[in-house]
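The chain contents come next:
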Amino acid sequence: MKKIIVACFALFLTSCASIPAESVILADAVVTEGRRMHELNISLLNKIFTDKRLLIDEFIKNKFTQDVITNYKAKYAADYDFNKDFAFHMELAVEEITAQRNLMQSALETQRIKLIEKLNKDFMAYEQASNSLRLLLQSSVDLDRERRAALDKANSLTGNHIDFDKVESDIDNFILKAGENAANTMQSVNELNTNINQLINK
C-alpha cells in the first residue's frame, strides 16, 4: 500500500494542472485499503503471539515442570521420603515453575507491545502521507515545492515494514533456548529483545 501512495504521488507530479474528480475517490480508496491492511497486520501479529504464548505454556507443562521435579529429586538421597514434607516441596516447585512461566510470558508481551507500537507509528505516517495526497488532489495545488516534499515523505515510508516470519522465528528460538537451559533464560530474553529491536530499527 505504501508503494501505491508513492506511485500516486509520482503520477500527480507528472500530471497536468487539471485533476479529475475520480482522483480524489481513488485517494479515499487507497486510505481505506491502507487502514484495512493495518488492521490485518495487527491481527496477524496478535495471532502469532497468542500461538507462542500457548507454546510457552506447553513447554512449562510438558518439559520444564518435569525438569524441576527431576532436579529436586536429584538433591536428595534415593531413600528420602518426599511425602514427609510434600507441601513444602510442592510450594518450592510451584514458585520456580510460576516464576519461569511469568518471565517467558512477560518477555513475549514486551515484544508484542513494541511491535504493535511500531505498526501503529508506521500507519500514522502512512495516513499523513495519504491525507497529504488527497488534499493536493482536491485543491489542485500546483506548487512544485509542496509536491516534492509530499513525495519525499511518501518515499520514506516504503522501507518501513515488519518481517512477521522473522518475528515468529525469533520467538521460536527464544522458547527453544529457554527450554534447553532454564538457567540462561534471561540471556534468551535479552537476545529476543535485541532481535526485535533490530527488526524495528531496520
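Per-chain numbering applies: the sequence of each chain, read as written, is numbered from 1 onward. Only residues with pLDDT of at least 70 get local features here, since the model is predicted, and only at 80 or more are side-chain atom pairs given and counted; chain-wide, interface and lining totals rely on the full set of residues. Hydrogen atoms and water are omitted, and side-chain values are computed over all heavy atoms in the structure.

Attention shifts here to the environment of Ile175. Helix numbering and strand numbering both begin at the N terminus, where a helix is a DSSP run of H or I of at least 4 residues and a strand a DSSP run of E of at least 2. In this structure, Ile175 sits in helix 5 (residues 164-180). Contact between two residues is taken to exist if any of their heavy atoms lie within 4.5 Å; hydrogens are not considered. If near-sequence neighbours (up to four positions away) are discounted, Ile175 is found in contact with Lys52, Leu55, Ile56 and Met104.

Below, the discussion takes up the pattern of salt bridges. Close approach of charged atoms lets side chains of opposite charge pair. When a carboxyl oxygen of Asp or Glu is within 4 Å of a side-chain nitrogen of Lys or Arg, the pair counts as a salt bridge. Throughout the structure, instances matching the rule amount to 11 salt bridges. The closest approach of N and O atoms between Glu191 and Lys177, which form a salt bridge, is 2.9 Å. Taken together, the residues span a long stretch of sequence, with Glu191 in helix 6 (residues 185-200) and Lys177 in helix 5 at a distance of 14 residues. Here the residues in one salt-bridge network are Lys52, Glu168 and Asp172, joined through shared partners.

This part is about helix 5. Between the first and last residue of a helix there are one fewer steps than residues, each counted as 1.5 Å, and that sum is the expected span. A rise of 1.5 Å per residue sets the reference length of helix 5, with its 17 residues, at 24 Å; its end C-alpha atoms lie 24 Å apart and thus fit the reference within 8%. The rule is simple: take the accessible area with a 1.4 Å probe, protein chains only, and divide by the maximum for that residue type; under 20% is buried, over 50% is exposed, in between is partly exposed. Every buried residue of helix 5 is accounted for by Phe164, Val167, Asp170, Ile171, Phe174, Ile175, Ala178 and Gly179.

What follows is about the environment of Ser43. Structurally, Ser43 is set in helix 2 (residues 21-74). By relative accessible area, which is 46% here, Ser43 ends up partly exposed. It is 10.0 Å that separates the C-alpha atoms of Ser43 and Ile116, two residues lying 73 residues apart in sequence.

Bringing the packing of aromatic side chains into the picture now. Between the rings of Phe, Tyr and Trp (Trp by its six-membered ring), a pair exists once the centres lie within 6.5 Å; its type follows the angle of the planes, with under 30 degrees stacked, over 60 edge-to-face, and the other angles tilted. Per the counting criterion, the structure on display carries two aromatic pairs. Pairing Phe59 with Phe64 gives two aromatic rings, centres 6.1 Å apart and planes at 50°, and the pair type is tilted. Ring plane angle 25° and centroid distance 6.0 Å describe the contact between Phe123 and Tyr126, whose orientation is recorded as stacked. Residue Phe123 and its partner Tyr126 are both found in helix 3 (residues 86-139); the two are separated by three residues, about one turn of the helix. Look at Phe123 and you get buried, because its relative accessible area is 12%. For Tyr126, a relative accessible area of 3% translates into the label buried.

Below, the discussion takes up the environment of Ile116. Relative to the helices and strands, Ile116 resides in helix 3. The buried category is assigned to Ile116, whose relative accessible area is 14%. Not counting chain neighbours up to four residues away, the residues in contact with Ile116 comprise Ile42, Leu45 and Asn46.

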